[in-house]
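# A look at the structure
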Amino acid sequence: MTAEIISVGTELLLGNIVNTNAAYLAQQCAALGLSVYYQSVVGDNPERLKSTLKLALERSDVIFLGGGLGPTEDDLTKETVSELLGRRLVEDTHTRERIAEFFARIGKEPTENNWKQALVPEDAIVLDNANGSAPGIILEEKGKTLILLPGPPMEMIPLFETHVFPYLREKEPDVILSKMLKICGIGESRVEMELKDLIHEYQNPTIATYAKTGEVHVRVTAKAGTESEAKKLLKPVVRELKVRFGRNIYTTDENQELEDVIVDLLKEQNLSITTVESCTGGLLAGRLVNVPGVSDIFKQGYVTYSNKAKRKLVGVKKDTLSANGAVSEKTAKEMAKGAMLMTGSDIAVAVTGIAGPDGGSPEKPVGLVYIACNFRGKTVVQEYHFSGNRKKIRESSVTAALVLLRECILENIRL
């Protein structure tokens, strides 16, 4: 079956709210075996919504409508759907009772317009919303399914998982199973070249690549009648990818990030770490500190933005800064060595560079970054040239530092 996602709300069109609901629904559709070919965002305008919905009914089997189920005058999704389908709005007694209970639970009196949320199109399947007052609604219409969902993610996601997913699972019995392989240390173009033959060879499972900052993610997706059959389809393809990319695959767990894997690796090897940052200003330490349990291995994070801080906090030599500058291989090396010695860490990672938009020169352009990793006195330094704005360069620097850190650990624990 095909599915279509229509997100309703002028605030989405204006960019006041990021449309995370559409991304979530698209992912869930993939898990259910529903092919999503179209997504739309429509403001709080009944005529434009009606026009969009008419088109969706012509080309898709399942239509999700997110938002516009609230109590205010501009919440017109179910009213517009009811008018288009020729169905009356009727009060659902059970929903009215739940609205009364909801407001009693939060200690507030419902206003008159809150009771509007108890009105549903006739012959609708009403879905209880455990986290809000607007129920979800399912309508079957001439072989098509319309699913109306509340806009707030904290309401929509639990309602979908509790009611909508099981409902749709019965309609689409095929199982969609995916495996994500996350790759670092190799560029997107090289990954695509390595995969070109496999992408053309396989139709089921399919292989798709996604470029991330400093990483490439490869999703392998199989469709079958049962989960075990889907796993059998995935297995040889995943095995071949592991052969081709080796240890550049840092995880096959979709929920793991690079910093999660690194912290686990450090803990397994009983290794401590310190970071010292200039242009990234603590972003590298922040990525590591986001990981639960990092306190077992993280000793300290220095932000040495000025030359004075580099000298006083981690012992970079004044002569080094005078002769080579703050952004140089030698400075990065001394930053890492000094941080390691100051804290007694097993590993220290240093980042220094020019994030821009100012400060560059022909010899040292914006985007030039040096990253050093000192592992118990042995230092590796890499030079990078990143592009983009200041934010992008800093983010790219952090990811590159994590990649170098992982490589440095793997190289040294093998010795």
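Before going into details, it helps to say that this report is about the structure given with it.

Calculation rules
Residues numbered from 1 in each chain as written. Predicted model: local features only at pLDDT ≥ 70, side-chain atom pairs only at ≥ 80, totals over all residues. Heavy atoms only, no water. Pairing = 2+ DSSP bridges. Helix = DSSP H or I, 4+ residues; strand = E, 2+ residues; numbered from the N terminus. Axes fitted to C-alpha atoms, helices over the stretch in contact; angles between N-to-C directions. Contact = heavy atoms within 4.5 Å. Buried < 20%, exposed > 50% of the residue type's maximum accessible area, 1.4 Å probe, protein only. Patch = residues over 30% accessible without salt bridge, like charges linked within 9 Å, V, L, I, M, F, W, Y side chains within 5 Å. Areas by Shrake-Rupley, 256 points an atom, 1.4 Å probe, with all protein chains shown as cover. Salt bridge = Lys/Arg side-chain N within 4 Å of Asp/Glu carboxyl O. Lys, Arg positive; Asp, Glu negative; His and termini not counted. Charge placed at Lys NZ, Arg CZ, Asp CG, Glu CD.

### Concerning the sheet that holds strand β11 (residues 215–224)
Taken in spatial order, the 4 strands of this open sheet run β10-β11-β9-β12, and their pairing is antiparallel. Across the chains shown, the open sheet's two edge strands, defined by having one partner strand only, are β10 (206–212) and β12 (249–251). The mean inter-strand angle of the sheet, taken between neighbouring strand axes irrespective of direction, is 35°. Packing of helix α7 (residues 188–201) onto the sheet brings it into contact with β9 (175–184), β10 and β11, and relative to β10 it is tilted by some 175°.

### Focus: unusual backbone geometry
The peptide bond linking Asn-204 to Pro-205 adopts the cis configuration, its omega dihedral lying at 10°. Among the secondary structure elements, Pro-205 is positioned in the loop between α7 and β10. Here Gly-356 and Pro-357 are connected by a cis peptide whose omega angle stands at 5°. Looking at the secondary structure, you find Pro-357 in the loop between β15 (347–353) and β16 (368–375). For Asn-270, which is not glycine, the phi torsion reads 55° and is therefore positive.

### A few points about helix α9 (residues 258–268)
Among the 11 residues in α9, 8 count as buried, and that is most of the element. Taken together, the buried positions of α9 are occupied by Leu-258, Glu-259, Asp-260, Val-261, Ile-262, Val-263, Leu-265 and Leu-266. Backbone geometry just after α9 places Asn-270 at a positive phi near 55°.

### As for a positive patch on the surface
Judged by side-chain charge, Lys-308, Arg-311, Lys-312 and Lys-318 come together as a positively charged surface patch. By residue number, the principal contributor to the positive patch is helix α11 (residues 307–314), which donates 3 residues. Of note, Lys-312 is situated in helix α11.

### Structural notes on the pattern of salt bridges
Under the defined criterion, the tally for this structure stands at 20 salt bridges. Of the charged contacts in the structure, one is a salt bridge between Arg-96 and Glu-91, with a shortest N-O distance of 3.3 Å. The partly exposed category is assigned to Glu-91, whose relative accessible area is 43%. Salt bridges sharing partners connect three or more residues here, namely Glu-47, Lys-50 and Glu-83.

### Details of the sheet that holds strand β2 (residues 35–42)
With mixed pairing, the 6 strands of this open sheet are ordered in space as β2-β1-β3-β8-β7-β6. One side of each edge strand has no neighbouring strand; the edge strands of this open sheet are β2 and β6 (125–127). Going across the sheet, the axis of each strand differs from the next one's by a mean of 15°, ignoring polarity. Relative to strand β8 (residues 144–149), strand β7 (residues 136–141) is paired through 5 bridges, and the arrangement is antiparallel. Bridge assignment links Glu-141 to a residue of β8, and that residue is Lys-144.

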